[in-house]
Amino acid sequence: MPSRDESLAIVLSLAVALLIVVLAVIAGTHAGPQPTTEGGPPDPACVEWTDSCVVCARTPEGLACSTPGIACTRAAPRCLRR
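Being a predicted model, the structure only gives us computed values, none of them experimental.

### Topic: a nonpolar patch on the surface
- A cluster of nonpolar side chains, contributed by Leu18, Leu19, Val22, Leu23 and Ile26, occupies part of the molecular surface with about 460 Å² of accessible area.
- Examined against the element boundaries, Leu19 turns out to sit in helix α1 (residues 4–31).

### Here's the deal with unusual backbone geometry
- Even without a glycine there, the phi angle at Ser52 is positive, about 70°.
- The residue Ser52 is located in the loop between β1 (48–50) and β2 (55–59) in this model.
- On the basis of relative accessible area, Ser52 is assigned to the partly exposed category, the value being 45%.

### Brief notes about the pairing of strand β3 (residues 62–65)
- Here four bridges tie β2 to β3, and the two strands are oriented antiparallel to one another. Within the sheet, the bridge partner assigned to Cys56 lies in β3 and is Cys65.
- In this antiparallel pair of consecutive strands, β2 and β3, the connection spans two residues.

### So, the side chain of Asp51
- Structurally, Asp51 can be placed in the loop between β1 and β2.
- A polar side-chain atom of Asp51 sits 2.8 Å from the main-chain amide nitrogen of Val54.
- In this structure the side chain of Asp51 is engaged in a polar contact, spanning 2.5 Å, whose partner is the side chain of Arg74.
- Each residue touching Asp51, except ones within four places of it in the same chain, is listed here: Thr73, Arg74, Ala75, Ala76 and Pro77.

### Remarks on the environment of Arg74
- Tracing the sequence through the fold places Arg74 in the loop between β3 and β4 (78–81).
- In sequence terms Arg74 and Thr50 are 24 residues apart; their C-alpha atoms lie 9.1 Å from each other.

### Considerations on the pairing of β2
- Judged from the three bridges that link them, β1 and β2 form a sheet pairing that is antiparallel. Looking across to β2, one finds that Glu48 is bridged to Ala57.
- Two successive antiparallel strands, β1 and β2, enclose a turn made up of four residues, where Ser52 displays a positive phi of approximately 70°.

Rules used throughout
- Residues numbered from 1 in each chain as written.
- Predicted model: local features only at pLDDT ≥ 70, side-chain atom pairs only at ≥ 80, totals over all residues.
- Heavy atoms only, no water.
- Patch = residues over 30% accessible without salt bridge, like charges linked within 9 Å, V, L, I, M, F, W, Y side chains within 5 Å.
- Areas by Shrake-Rupley, 256 points an atom, 1.4 Å probe, with all protein chains shown as cover.
- Salt bridge = Lys/Arg side-chain N within 4 Å of Asp/Glu carboxyl O.
- Helix = DSSP H or I, 4+ residues; strand = E, 2+ residues; numbered from the N terminus.
- Buried < 20%, exposed > 50% of the residue type's maximum accessible area, 1.4 Å probe, protein only.
- Pairing = 2+ DSSP bridges.
- Polar contact = N/O pair within 3.5 Å; in protein donor to acceptor, adjacent residues only side chain to side chain.
- Contact = heavy atoms within 4.5 Å.

In structure tokens:
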């Protein structure tokens, strides 16, 4: 059976490891690739398009794009809605 000091060291190590993981996830969401409209819509009449990674749409507030997934593979932009 571990001593009180050993148990405390294990708990503190786990807490520090969890804190590092949480901070890495938070930093990753802010520092990750930003959605881009590189290539833009396939034609001017298109209001929603995708490059198989990011979906973008024209809204009354302006352009809105999704966040790319972890394993996205970009393709040529194609129109989803006119």
